[in-house]
Each structure stands twice: as structure tokens, then as C-alpha cells.
Amino acid sequence: MWYVLGAVAVLAVLAVVARRALVVVRVSGVSMAPTFRPGDQVLVRRTAAVRRGQVVVFESTRPPGWGTRPPAPPWAIKRVTAVPGDPVPGDVAEAAKARPGDRVPEGALVVVGDGTSSADSRVYGYLPARSGSAG
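First, a word on what this report is: a plain description of the structure on this page. All residue numbers refer to position in the chain's written sequence, counted from 1. The model is predicted, so local features are restricted to residues of pLDDT at least 70 and side-chain atom pairs to those at 80 or more, both for listing and for counting; the totals for chains, interfaces and linings are taken over all residues. Where side-chain values are given, they derive from all heavy atoms of the structure, hydrogens and water being excluded.

Our next topic: the pattern of salt bridges. Pairs can form between side chains of opposite charge whenever their charged atoms are close. When a carboxyl oxygen of Asp or Glu lies within 4 Å of a side-chain nitrogen of Lys or Arg, that pair is called a salt bridge. One pass over the full model with this rule turns up four salt bridges. As a salt-bridge pair, Arg-99 and Asp-102 come within 3.8 Å of each other at their nearest N and O atoms. Accessible area is worked out with a 1.4 Å probe on protein chains only. A residue is then buried under 20% of its type maximum, exposed over 50%, and partly exposed in between. Classification of Arg-99 by relative accessible area gives exposed; the value is 60%. Judged by its relative accessible area of 24%, Asp-102 is partly exposed.

Structure follows, in C-alpha cells:
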């Protein structure tokens, strides 16, 4: 009998941990097409370590410097193209107010959508790395 209670307790703890570590996000825009399309559901693992090439999801309450229009869906999904210490990509330099040879500063990421229509770092500059992102 005790092993059943122990198994139930372990499952309960795992459920709580998984709920804190994982989040399901529904894609609402076309910025990541063809990788993700509107209506797709993505299971995201929360992590503090973000790498170049990784897809990240962040709350789209428009981090500071990310403007206010158009109204944002609750989540944004983008691909990380540069992390702190990387050279600032040329197509992002103007929005990030960076000069040739500048590096992405600590606490910032460069993110872009996979599709051709994306409000991302090419428009708004750096994404603060501490924006509640999940990767």
C-alpha cells in the first residue's frame, strides 16, 4: 500500500515540476512560417540558457523598446540569431542603434522570425534576455 502512495506522491511532484518547466503556446501569427503556422501548438521548455539558432517564446507585452503597435498577441515566437558577444547582424544594426563592429551587449538577444513578415529585432532592436522567455 505504501508503494502506491509513494508512486502517487512522485507523480504529483513530477506534475508540479513539469507544469513550471513546460508551457504550451498556440502560434497566432505568420512570422515563423513555414516552421510554425497559425494554430500550431508548441510545447516550450523554460530555460535560462539560450543559444543561437534556438526558437524562443516570450511574453509579448512588448518589452521596453519594442514599441506598442500593432497590438501584440500574448506570446511571440522567434529564432535567436545572435547572443551576447556575437557581432550585431547588419540587418539589425540600425534598429539596435549599433555601429559596424559592435557586439550584442550582455542581457540582450537578437531575434527574428523565419517568415518574411515579422516584427522582430530588425524593427525593434534587441530583445531583453530577461523578458520571461522560454526556449
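Moving on, there is more to tell.
This brings us to the side chain of Asp-86. Among the secondary structure elements, Asp-86 is positioned in the loop between strand S4 (75-82) and helix H2 (90-96). Whether two residues are in contact is decided by their heavy atoms, any of which lying within 4.5 Å being enough. The contact partners of Asp-86, leaving out residues within four places of it in the chain, are Arg-52, Asp-102, Arg-103 and Val-104. Where helices and strands are cited, they refer to DSSP runs of H or I of at least four residues and of E of at least two residues respectively, numbered from the N terminus.

What follows is about the side chain of Ser-121. Turning to its location among the elements, Ser-121 is positioned in helix H3 (residues 121-124). With relative accessibility at 0%, the residue Ser-121 sits in the buried group. Distance and chemistry together define a polar contact, namely a pair of N or O atoms within 3.5 Å, with one atom able to donate a hydrogen and the other to accept it when in protein, and with adjacent residues in sequence counting only for side-chain atoms on both sides. Of the polar contacts made by the side chain of Ser-121, one reaches the backbone nitrogen of Val-111; its length is 2.9 Å.

For the rest of this paragraph, the subject is the nonpolar core. What makes a nonpolar core is a set of buried Ala, Val, Leu, Ile, Met, Phe, Trp, Tyr and Cys residues whose side-chain atoms join them at distances within 4.5 Å. Ala-82, Val-88, Val-92, Ala-93, Ala-96, Ala-98, Val-104, Ala-108, Val-110 and Tyr-126 form the largest nonpolar core, which has ten residues in total. Secondary-structure elements contributing two or more residues to this core are H2 and strand S5 (108-112). Per element, the largest residue contribution to this core is three residues, and it comes from H2. Among the nonpolar cores identified, the runner-up in size contains nine residues, and Val-23, Val-27, Val-44 and Val-57 belong to it.

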